[in-house]
Amino acid sequence: GQQLNQSPQSMFIQEGEDVSMNCTSSSIFNTWLWYKQDPGEGPVLLIALYKAGELTSNGRLTAQFGITRKDSFLNISASIPSDVGIYFCAGGGSQGNLIFGKGTKLSVKP
Amino acid sequence: EAGVVQSPRYKIIEKKQPVAFWCNPISGHNTLYWYRQNLGQGPELLIRYENEEAVDDSQLPKDRFSAERLKGVDSTLKIQPAELGDSAVYLCASKRAIGADTQYFGPGTRLTVL
């Protein structure tokens, strides 16, 4: 099935670092959503974006809906150990279905 | 507010056996989704219900997969017979209404087919 291009695939962080990840698509979406998934759990919604150009924050997380409606990014500032996990972007179309990226795995530097 | 409930959390079966997964969405959520998530991938839609009607089952492998949501609340996803390639996490999600995009996910059922 169709999936979005999400990058990077994985990254290592040290506590206190800022993190950036993004998602691109060849298709236009009406909404962009960012989820986090911990091992053995379902995805949990972090941020939802509904308008092109929209910039939304949720605590240390900031996400933007690209002006072309084909991309979005998520930034995490001052990362903490509990930020580790897999982050998924998802694009929503007019039918209400979501298309997901392959995820960005965030790990702590040894 | 209780979240999306799924059971079982884990299931191990031998190939060619049947298996069923159950989902109870968030109260008041009319739209229910079943997704399959393969290892290292994002969730992929299998079927979407609006109340009791399956409005999008284009990605459901209908030769072996079936789903129902008889009263527009709980839903069951069945595989019969299971194949090795069906090993995955099966996620259920729900949202309030058509037009609202915020889907809430359950913890998933991890299926292993031996």
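Colleague: Quick one: what's the story with the overall build of chain A, residue by residue and with numbers?
Modeller: Counting secondary structure elements, chain A contains zero helices and eleven strands. Scanning chain A from its N terminus toward the C terminus, one meets helices and strands in the order β-β-β-β-β-β-β-β-β-β-β. Relative to the 2.2 N^0.38 estimate, which gives 13 Å for 110 residues, the radius of gyration of chain A is 13 Å and therefore close to what a compact globule would have. The dimensions of chain A, computed from C-alpha atoms along their principal axes, are 40 × 30 × 20 Å. Among the 110 residues that make up chain A, the fraction classed as buried is 45%. Taking as baseline every contact in chain A between residues at least 6 positions apart, the subset at least 24 positions apart corresponds to 52%. The averaged location of the 8 negative side-chain charges in chain A is 9 Å from the averaged location of its 8 positive side-chain charges.

Colleague: Hey, could you go over the state of the cysteines for me, with residue numbers and the actual values?
Modeller: Within this structure, the stated rule accounts for two disulfides over all chains. Between the sulfur of cysteine 23 of chain A and that of cysteine 89 of chain A lies a disulfide, 1.7 Å long from S to S. Residue cysteine 23 of chain A is found in strand β3 (residues 19–24), and its partner cysteine 89 of chain A is found in strand β9 (residues 85–92); the two are separated by 66 residues along the sequence. There is no split in this pair, since cysteine 23 of chain A and cysteine 89 of chain A are both buried. A disulfide bridge connects cysteine 23 of chain B with cysteine 92 of chain B, and the sulfur atoms are separated by 1.9 Å. With the S-S bond torsion at -70°, the cross-link from cysteine 23 of chain B to cysteine 92 of chain B turns out left-handed. Highlighted residues: cysteine 23 of chain B in strand β3 (residues 19–24) and cysteine 92 of chain B in strand β9 (residues 88–95), separated in sequence by 69 residues. Side by side, cysteine 23 of chain B and cysteine 92 of chain B carry an identical accessibility label, which is buried.

Colleague: So what about the environment of leucine 74 of chain A? Which residues, and what values?
Modeller: Residue and element names in this part refer to chain A. Mapped onto the fold, leucine 74 is located in strand β8 (residues 71–76). A sequence separation of 52 residues divides leucine 74 from asparagine 22, and the C-alpha atoms of the two residues are 6.1 Å apart. Aside from chain neighbours lying at most four places away, what touches leucine 74 is Val19, Ser20, Met21, Trp34, Leu46, Ile47, Leu61, Thr62, Ala63 and Tyr87.

Colleague: With reference to specific residues and values, describe the sheet that holds strand β7 (residues 61–65) of chain A.
Modeller: All names here are of chain A. Pairing within the open sheet is antiparallel, and its five strands lie in the order β1-β3-β8-β7-β6. Here the strands that pair on one side only, and so sit at the sheet edges, are β1 (5–7) and β6 (55–58). For this sheet, the mean inter-axis angle between neighbouring strands, taken without regard to orientation, is 15°. Sheet topology places β6 next to β7; four bridges connect them, and they run antiparallel. Note on β7: the bridge partner recorded for asparagine 58 is leucine 61.

Colleague: Please set out the environment of glutamate 41 of chain A residue by residue, giving values where relevant.
Modeller: Turning to its location among the elements, glutamate 41 of chain A is positioned in the loop between β4 (31–37) and β5 (44–49). When sequence neighbours within four positions are dropped, the list of residues in contact with glutamate 41 of chain A reads Arg9 and Pro107 of chain B.

Colleague: Could you give me a rundown of the packing of aromatic side chains, with the residues and numbers involved?
Modeller: Tallied over the entire structure, the rule returns ten aromatic pairs over all chains. Judged by centre distance (5.8 Å) and plane angle (45°), the rings of tyrosine 35 of chain A and phenylalanine 100 of chain A are tilted. With tyrosine 35 of chain A in strand β4 and phenylalanine 100 of chain A in strand β10 (residues 98–100), this residue pair connects regions lying 65 residues apart in the sequence. The class of tyrosine 35 of chain A is buried, set by a relative accessible area of 0%. Look at phenylalanine 100 of chain A and you get buried, because its relative accessible area is 1%. Taken together, a centroid distance of 5.7 Å and an interplanar angle of 90° make the contact between phenylalanine 100 of chain A and tyrosine 35 of chain B edge-to-face. Linking phenylalanine 100 of chain A in strand β10 with tyrosine 35 of chain B in strand β4 (residues 31–37), this pair reaches from one chain into another. Three or more aromatic residues link up through ring pairs in this structure, and these residues are Tyr35, Phe88 and Phe100 of chain A together with Tyr33, Tyr35 and Phe105 of chain B.

Colleague: Explain the sheet that holds strand β7 (residues 65–68) of chain B to me, using residue names and the numbers behind them.
Modeller: Residue and element names in this part refer to chain B. In space, the four strands of this open sheet follow the order β1-β3-β8-β7, with antiparallel pairing throughout. The open sheet terminates on both sides in strands that have one partner only, identified here as β1 (5–7) and β7. Each strand of the sheet is rotated relative to its neighbour by a mean of 15°, with strand direction disregarded.

Reading the values: rules and limits
- Residues numbered from 1 in each chain as written.
- Chains lettered and ligands numbered in written order.
- Predicted model: local features only at pLDDT ≥ 70, side-chain atom pairs only at ≥ 80, totals over all residues.
- Heavy atoms only, no water.
- Helix = DSSP H or I, 4+ residues; strand = E, 2+ residues; numbered from the N terminus.
- Rg over C-alpha atoms; globule rule 2.2 N^0.38 Å.
- Buried < 20%, exposed > 50% of the residue type's maximum accessible area, 1.4 Å probe, protein only.
- Contact = heavy atoms within 4.5 Å.
- Lys, Arg positive; Asp, Glu negative; His and termini not counted.
- Charge placed at Lys NZ, Arg CZ, Asp CG, Glu CD.
- Disulfide = S-S within 2.5 Å.
- Pairing = 2+ DSSP bridges.
- Axes fitted to C-alpha atoms, helices over the stretch in contact; angles between N-to-C directions.
- Phe/Tyr/Trp six-rings, centres within 6.5 Å; stacked < 30°, edge-to-face > 60°.

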